Amino acid sequence: MTIFKLIVVAVISYLLGSLNFGVILSKLKHDDVRKHGSGNAGTTNMLRNYGKFFAVLTIIGDMLKVAVAIFIALCMIKEKELASYKIFADNALIMLKSWAGFFCVIGHIYPCFFKFKGGKGVATSGGMVFMVDWRIGLILLSMFIITVAITKYVSLGSILMAIFYPIYTFAFYISIPLTLIALIFSIIVIVKHKENIVKLLEHRENKISFSKKNKKSKS
C-alpha cells in the first residue's frame, strides 16, 4: 500500500511541477518565453525578457508548487508508515520530502503540459532543498548569492549548488538512499546546464544585469 502511495505522490508531484509558471505567465502576455533569449522557461530568462515583476512571480510560483507537492505527500503518507521499511527508517521524513520534491523538479524541467520543454529547475530545486532541510538550503543559497554577486553568472551559481547538494546531503545524514536521490537530481540539473557550461569555459556566457531587460540575451 505504501509503495502505491509513493507512486501516486510521484505522479501528483510531477503534474504540479509541470505547471511551469514561466510559460504560464508569458502566455498571459500572449507570448511564450521559450521563443526568446535562451529558450528556457525559467526565472533568469523571464527577468531578461519581461522584467523583475514577472521574474519574481515566476520564482514564487515555481517554489510554491514544490511546497504544495511535499505537503500533499506528507498528508498521504505518514512518517511511521514509511519508516516501517528498514532502508528508510532513519530518515523517513526527509526521504518522503526528497521523493516528492524530486518528481516536482522533473515535472518543471520536462512539463507534460508544455511539450516537455520547461526550465532548468533552479528555483523549484531551491524550494525543494529548503523544504527538505533549511540548513542545507541556506548554505546553498549563500553559495549561489556569493557566486552570482562576484561573477554575475547565474548559471555558475546554479551549477555549484547542484554539485554541492549531494555532498551536503551525505555530510548531514550519512544516508546512501538520500544521497543517491540528491545525486540524480544534481546530474539532471547539471545536464540541463550543459550549454551554459560550454559558454562558461569559452568565456561566452552572458552576465546577469538587474538594471534593465535584455531581450537579445542568448544565455
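Look up: the structure comes first, before these words.
> Help me out: how do you make sense of helix α6 (residues 92-109) in this one?
Quick reminder: α-helices carry 3.6 residues per turn. Residues three or four places apart thus point the same way. If you check α6, its first and last C-alpha atoms are 26 Å apart, about what 18 residues at 1.5 Å a residue would give, namely 26 Å. Counted residue by residue, α6 has 15 buried out of 18 residues, so it is predominantly covered.

> For this particular structure, what's the right way to read the environment of Ile-190?
Along the chain, the position of Ile-190 falls in helix α10 (residues 176-192). Take Ile-190: its relative accessible area is 24%, and that puts it in the partly exposed class. Spatially, the C-alpha atoms of Ile-190 and Val-105 are 13 Å apart, while their sequence positions differ by 85 residues.

> What am I meant to see in α10 here?
Between its first and last C-alpha, α10 extends 24 Å over 17 residues, near the 24 Å set by a 1.5 Å rise per residue. Looking at α10, one finds that the buried residues are Pro-177, Leu-178, Thr-179, Ile-181, Ala-182, Phe-185, Ser-186 and Val-189. Structurally, α10 contributes buried residues whose contacts are with α6, α7 (122-132) and α9 (154-173). At the N-terminal boundary of α10, the capping side chain belongs to Ser-175, with an oxygen 3.3 Å from the backbone nitrogen of Leu-178.

> Explain a nonpolar patch on the surface to me, please; I cannot follow it from the model alone.
On the surface, Ile-3, Ile-7, Val-11, Leu-15, Leu-19, Tyr-85 and Phe-113 cluster together to form a nonpolar patch covering roughly 590 Å² of accessible area. Topologically, Ile-7 is positioned in helix α1 (residues 2-17).

> Where do I start with unusual backbone geometry in this structure?
Excluding glycine, residues mostly have negative phi values, and the peptide bonds linking residues are mostly trans. You will see that His-30, though not glycine, has its phi angle at about 60 degrees, which is positive. By relative accessible area, His-30 is classed as exposed at 77%. The residue Lys-115 is not glycine, and still its phi comes out positive at about 60 degrees. Counting through the fold element by element, Lys-115 comes out in the loop between α6 and α7.

> When you look at the environment of Ala-10 in this model, what are you seeing that I'm missing?
Within the element layout of this structure, Ala-10 appears in helix α1. Assessed through its relative accessible area of 9%, Ala-10 is described here as buried. When the C-alpha atoms of Ala-10 and Gly-118 are compared, they prove to be 18 Å apart, with 108 residues separating the residues in sequence. With sequence-adjacent residues up to four places away left out, Ala-10 is seen in contact with Trp-99 and Phe-103.

> Hey, could you run me through the nonpolar core in this one?
One broad trend across soluble globular proteins is that nonpolar side chains are buried collectively. Core analysis: the largest hydrophobic core is formed by 41 residues, its most contacted members being Leu-82, Met-128, Tyr-165 and Phe-185. Contributing elements (two or more residues each) for this core: α1, α4 (52-76), α6, α7, α8 (134-151), α9 and α10. Sorting elements by how many residues they give to this core places α6 first, with 10 residues. Filtering out sequence-adjacent residues up to four positions away, Met-128 remains in contact with Val-66, Ser-98, Gly-101, Phe-102, Val-105, Tyr-165 and Phe-185.

What counts, and where the lines are drawn
Residues numbered from 1 in each chain as written. Predicted model: local features only at pLDDT ≥ 70, side-chain atom pairs only at ≥ 80, totals over all residues. Heavy atoms only, no water. Helix = DSSP H or I, 4+ residues; strand = E, 2+ residues; numbered from the N terminus. Expected span 1.5 Å × (residues − 1). Buried < 20%, exposed > 50% of the residue type's maximum accessible area, 1.4 Å probe, protein only. Contact = heavy atoms within 4.5 Å. Polar contact = N/O pair within 3.5 Å; in protein donor to acceptor, adjacent residues only side chain to side chain. Patch = residues over 30% accessible without salt bridge, like charges linked within 9 Å, V, L, I, M, F, W, Y side chains within 5 Å. Areas by Shrake-Rupley, 256 points an atom, 1.4 Å probe, with all protein chains shown as cover. Salt bridge = Lys/Arg side-chain N within 4 Å of Asp/Glu carboxyl O. Core = buried A, V, L, I, M, F, W, Y, C linked by side-chain atoms within 4.5 Å.

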